[in-house]
Amino acid sequence: MKTILITGGSGLIGGELTKSLQQRGYNVRHLAREKRTRDVEVFTWGIDRQEIESGALQGVDVIIHLAGAGVADKRWTEARKKEILESRTKSTLLLSNELKKGSHNVQSFICASAIGYYGIDCKGEIYKEESGPGSDFLADVTKRWEHITEAINDQAIRVVTIRTGVVLTARGGALQEMARPIKFYVGAPLGSGEQVISWIHIEDHCNIIIKAIEDVQWEGPYNSVAPHPVTNKQFTEAIAKVLGKPLILPNIPSVVLKGLLGEMSSVVLFGCNVSAAKVMDAGFEFKFVKVEDALRDLLKGGGA
């Protein structure tokens, strides 16, 4: 069975993906900033120093690159924006340079990206993988991030870029941030409420990555989103319905969110209708097609 090296393996997505891969019999190892006790073998790297522990790539068939500073974890100061960008570009460049040295058997490189690639100026268009990039901060980050993988592809290594939507999990992330105020009767749609959320259940997202490992016909960008996106208002109402809580308050005005979050408010005030057609045409079958089913699984069955 193949050996998989994951960066960002201890994060929300990396942790779930690690378990899914192990259940399928894959040998999984992590590349991390420091060695910690985990259920997998851990090698270290220093992104700023551009160093990787000797032997990290030995015997590895596939690299899954998930590492990157959280986009919505902190307010976007100039220093934070630099960290968001460089945690992705420098880490990918380090992996690319390490692969150039040879003496490895890596056949596939699967790199995380984001649907932020398409930008925030969304005017009713349905965005597909061939759509051009946006011009805002996150679009620039993802564009520069993906550009570095081209050098890896030039090494005759198959590169798949997973443009990820809003991943719904039971253990943190966007869903928990939106569900918390609703549980305490202070939830409300954000801004106009009409911005589109292109979401995906964590289980389907992990399975898309696994499909990218196993189907060697996959190459280039693929959107990891469910087939039926919803508006922020619809999403908020669906959470309230599943939790059995009323929505009492009016929409939270955009000006309030901009005051609280600054430039980072674009993450919640804008959204894109992103197509899942390519992954479905490539044979992927979703388990969670409708947002209500995903929410029931995560908010009730998932113990959130």
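One can find the structure itself at the top, above this paragraph.
Worth saying up front: this structure is predicted, and the values here are computed from it rather than measured. (Residues numbered from 1 in each chain as written. Predicted model: local features only at pLDDT ≥ 70, side-chain atom pairs only at ≥ 80, totals over all residues. Heavy atoms only, no water.)

## Concerning the overall build of the protein
Regarding its fold elements, the protein presents 10 helices and 14 strands. Relative to the compact-globule value of 19 Å for 304 residues, the protein shows a C-alpha radius of gyration of 19 Å, a close match. Taking the principal axes of the C-alpha coordinates as reference, the protein spans close to 60 × 40 × 40 Å. Of all intrachain contacts in the protein linking residues separated by at least 6 positions in sequence, the fraction that spans at least 24 positions is 76%. Carbon and sulfur atoms form 50% of the exposed surface of the protein, whose accessible area is close to 14,100 Å². One finds the centroid of the 37 positive side-chain charges in the protein at a distance of 4 Å from the centroid of its 36 negative side-chain charges. (Helix = DSSP H or I, 4+ residues; strand = E, 2+ residues; numbered from the N terminus. Rg over C-alpha atoms; globule rule 2.2 N^0.38 Å. Contact = heavy atoms within 4.5 Å. Areas by Shrake-Rupley, 256 points an atom, 1.4 Å probe, with all protein chains shown as cover. Lys, Arg positive; Asp, Glu negative; His and termini not counted. Charge placed at Lys NZ, Arg CZ, Asp CG, Glu CD.)

## Some details on unusual backbone geometry
In this structure, Gln-50 takes a positive phi of about 55° despite not being glycine. Summarising the element assignment, Gln-50 is placed in the loop between strand 3 (41–46) and strand 4 (51–52). You will see that Ala-156, though not glycine, has its phi angle at about 65°, which is positive. Turning to its location among the elements, Ala-156 is positioned in the loop between helix 3 (137–153) and strand 8 (158–164).

## Things to note about the sheet that holds strand 5 (residues 62–65)
The 8 strands lie next to each other as 4-3-2-1-5-6-8-12, forming an open sheet whose pairing is mixed. Every other strand in the sheet has two partners, leaving strand 4 and strand 12 (220–224) as the edge strands with one partner each. Direction of pairing for strand 6 (residues 108–114) relative to strand 8: parallel, over a ladder of 7 bridges. When the bridges of strand 8 are listed, Ala-112 appears paired with Ile-162. Sitting on the sheet, helix 2 (residues 78–100) is in contact with strand 1 (3–7), strand 2 (27–32), strand 3, strand 4, strand 5 and strand 6, with an inclination near 165° to strand 5. (Pairing = 2+ DSSP bridges. Axes fitted to C-alpha atoms, helices over the stretch in contact; angles between N-to-C directions.)

## Comments concerning the packing of aromatic side chains
Counted under the stated rule, the structure contains 5 aromatic pairs. Residues Trp-218 and Tyr-222 carry aromatic rings whose centres are separated by 4.2 Å and whose planes lie at 10° to one another, so their mutual orientation is stacked. Summarising the burial analysis for this pair, Trp-218 and Tyr-222 share the class buried. The structure contains a cluster of three or more aromatic residues connected by ring pairs, namely Tyr-117, Tyr-118 and Tyr-127. The ring of Phe-43 has Lys-35 lying over it, and the distance from NZ or CZ to the ring centre is 5.5 Å. We note Arg-163 situated over the ring of Tyr-117; from NZ or CZ to the ring centre the distance is 3.7 Å. (Phe/Tyr/Trp six-rings, centres within 6.5 Å; stacked < 30°, edge-to-face > 60°. Buried < 20%, exposed > 50% of the residue type's maximum accessible area, 1.4 Å probe, protein only. Lys NZ or Arg CZ within 6 Å of the ring centre and 35° of its normal.)

## Here's the deal with the packing of helix 1 (residues 12–23) against helix 5 (residues 202–214)
Remark: helix 1 packs on helix 5, axes separated minimally by 10 Å, with the N-to-C direction vectors making an angle of 60°. By the angle class used here, helix 1 and helix 5 are oblique. Crossing geometry of helix 1 relative to helix 5 is assigned as right-handed. Residue-level contacts link Leu-12, Ile-13, Glu-16, Leu-17, Ser-20 and Leu-21 of helix 1 to Ile-202, His-205, Cys-206, Ile-209, Ile-210 and Ile-213 of helix 5. Considering only residue class, the contact of helix 1 with helix 5 consists of 9 nonpolar, 2 polar and 1 charged. (Parallel < 35°, antiparallel > 145°, perpendicular 65-115°, else oblique. Left-handed = near helix turned anticlockwise from the far one by under 90°. Nonpolar A, V, L, I, M, F, W, Y, C, P; charged D, E, K, R; others polar.)

## Thoughts on helix 6 (residues 232–243)
Between its terminal C-alpha atoms helix 6 stretches 17 Å, which fits the 16 Å expected from 12 residues at 1.5 Å a residue. Taken residue by residue, helix 6 has Asn-232, Phe-235, Thr-236, Ala-238, Ile-239, Ala-240 and Val-242 as its buried positions. Residue Gly-244 follows helix 6 closely and has a positive phi angle near 70°. (Expected span 1.5 Å × (residues − 1).)

## Considerations on a nonpolar patch on the surface
On the surface, Phe-184, Tyr-185, Val-186, Ile-248 and Leu-249 cluster together into a nonpolar patch covering about 530 Å² of accessible area. For Val-186, the location among the structural elements is in the loop between helix 4 (174–183) and strand 10 (196–197). (Patch = residues over 30% accessible without salt bridge, like charges linked within 9 Å, V, L, I, M, F, W, Y side chains within 5 Å. Salt bridge = Lys/Arg side-chain N within 4 Å of Asp/Glu carboxyl O.)

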